[in-house]
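A structural walkthrough
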Amino acid sequence: GSFEKDGAGPAGADWVFDAKKMKGKGTIERVADPHQEGVFGLRLQPTAANAGAGAEPLGVGQIVPYGRVGAKKLTISAHVGAEGGASVVIGVLALRKNGSEVARAAIAGSKWEGVLSPSSTTLDLNKPREVANLLVFVVANGGAGSAYVDDIVIAPAGEGRSIQESDQPLSAAIQVDA
């Protein structure tokens, strides 16, 4: 998940924002600064109405078909930062076809050092055959401040290949000098 593609929602294409549920909880926007790669990062600015929001804090999400990654162990990485009492959480839920949860992992950030900081975790799937989709979400906790994120990557552990790259055709050229 990057935030580079223009789209109807505040996080750009591919990200879903439920304006009705998020009403009054704050603002979300793509910003040129801070960002890590490309042109845009994401800033979430929660309001007091977001404090204590429980299971539905200010945020966006997207569904990624598990087949685009298809590994038993995944690495989730992102660049994060937060200030002024906000914190950011990037979560990944592995879901069955019926929407029930198989496994979950999350990255959190609550400090600001002038730049986005790299963070990562792993998601172990004990039953990968049961996984149909990955729900990726970015939320801001707290009732003030700003939370930042950029360059969310989900890749098979140890391979360094992201979901953004996995659906592209691969090619190689080999030259033998004998």
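Definitions and limits used
Residues numbered from 1 in each chain as written. Predicted model: local features only at pLDDT ≥ 70, side-chain atom pairs only at ≥ 80, totals over all residues. Heavy atoms only, no water. Helix = DSSP H or I, 4+ residues; strand = E, 2+ residues; numbered from the N terminus. Contact = heavy atoms within 4.5 Å. pLDDT = per-residue confidence, 0-100. Core = buried A, V, L, I, M, F, W, Y, C linked by side-chain atoms within 4.5 Å. Buried < 20%, exposed > 50% of the residue type's maximum accessible area, 1.4 Å probe, protein only. Pairing = 2+ DSSP bridges. Axes fitted to C-alpha atoms, helices over the stretch in contact; angles between N-to-C directions. Polar contact = N/O pair within 3.5 Å; in protein donor to acceptor, adjacent residues only side chain to side chain.

**As for the overall build of the protein chain**
Check the secondary structure of the protein chain and you find 2 helices and 9 strands. When the elements of the protein chain are put in sequence order from the N terminus, they spell out α-β-β-β-β-β-β-β-β-β-α. Considering only intrachain contacts with a sequence separation of at least 6, the fraction spanning at least 24 residues in the protein chain is 72%.

**Here's the deal with the confidence of the model for the protein chain**
Averaged over every residue, the pLDDT of the protein chain is 85; the share at 70 or more is 88%. Of the regions scoring below 50 in pLDDT, residues 161-178 engages in 19 contacts with residues more than four places distant in sequence or in other chains.

**Some words on the nonpolar core**
Generally speaking, soluble globular proteins have nonpolar side chains that are buried together. Of all hydrophobic cores here, the largest spans 37 residues; its most connected members are Leu-42, Ile-90, Leu-123, Leu-134, Val-138, Val-149 and Ile-152. Breaking this core down by element, the ones donating at least two residues are β2 (41-46), β3 (59-65), β4 (73-83), β5 (87-95), β6 (101-109), β8 (133-141) and β9 (146-156). With 5 residues, the single largest contributor to this core is β4. What Leu-42 contacts, discounting residues up to four positions off in sequence, is Phe-3, Pro-10, Ala-11, Ile-28, Glu-29, Arg-30, Val-31, Val-60, Val-138, Ala-147, Tyr-148 and Val-149.

**Thoughts on the environment of Ser-119**
Mapped onto the elements, Ser-119 comes out in strand β7 (residues 117-124). For Ser-119, a relative accessible area of 23% puts it in the partly exposed group. The residues touching Ser-119, leaving out its near neighbours within four places in the chain, are Ile-76, Ser-77, Ala-78, Val-80 and Ile-107.

**Quick look at the sheet that holds β2**
The strand order across the open sheet formed by 5 strands is β1-β2-β9-β4-β7, and the pairing between neighbours is antiparallel. Only two strands of the sheet have a single neighbouring strand rather than two, namely β1 (26-31) and β7. Averaged over neighbouring strand pairs, the angle between their axes works out to 25° when direction is ignored. Pairing analysis gives 6 bridges linking β1 to β2, with the strands arranged antiparallel. The residue bridging Ile-28 from the neighbouring strand is Leu-44, located in β2.

**Here's the deal with unusual backbone geometry**
Note: most peptide bonds trans; most residues except glycine with negative phi. A positive phi is found at Asp-14, a non-glycine position, where the angle reads about 80°. Secondary-structure assignment places Asp-14 in the segment before α1 (19-22). Take Asp-14: its relative accessible area is 48%, and that puts it in the partly exposed class. Within the chain, Asp-151 stands out as a residue other than glycine whose phi angle is a positive 55°. Mapped onto the fold, Asp-151 is located in strand β9. On the basis of relative accessible area, Asp-151 is assigned to the buried category, the value being 14%.

**Concerning the side chain of Ser-146**
Topologically, Ser-146 is positioned in strand β9. There is a polar contact of 3.1 Å between the side chain of Ser-146 and the side chain of Gln-45. Not counting the four nearest positions on each side in its chain, Ser-146 is found in contact with Arg-43, Leu-44, Gln-45, Gly-81, Ala-82, Glu-83 and Ala-86.

**What about the sheet that holds β8?**
Reading across from one edge, β3-β8-β5-β6 is the order of the 4 strands in this open sheet, with antiparallel pairing throughout. Of all the strands in the sheet, the pair left with one neighbour each is β3 and β6. For this sheet, the mean inter-axis angle between neighbouring strands, taken without regard to orientation, is 15°. With 7 bridges joining them, β3 and β8 adopt antiparallel strand pairing. By the bridge assignment for β8, Gln-62 is matched with Val-136.

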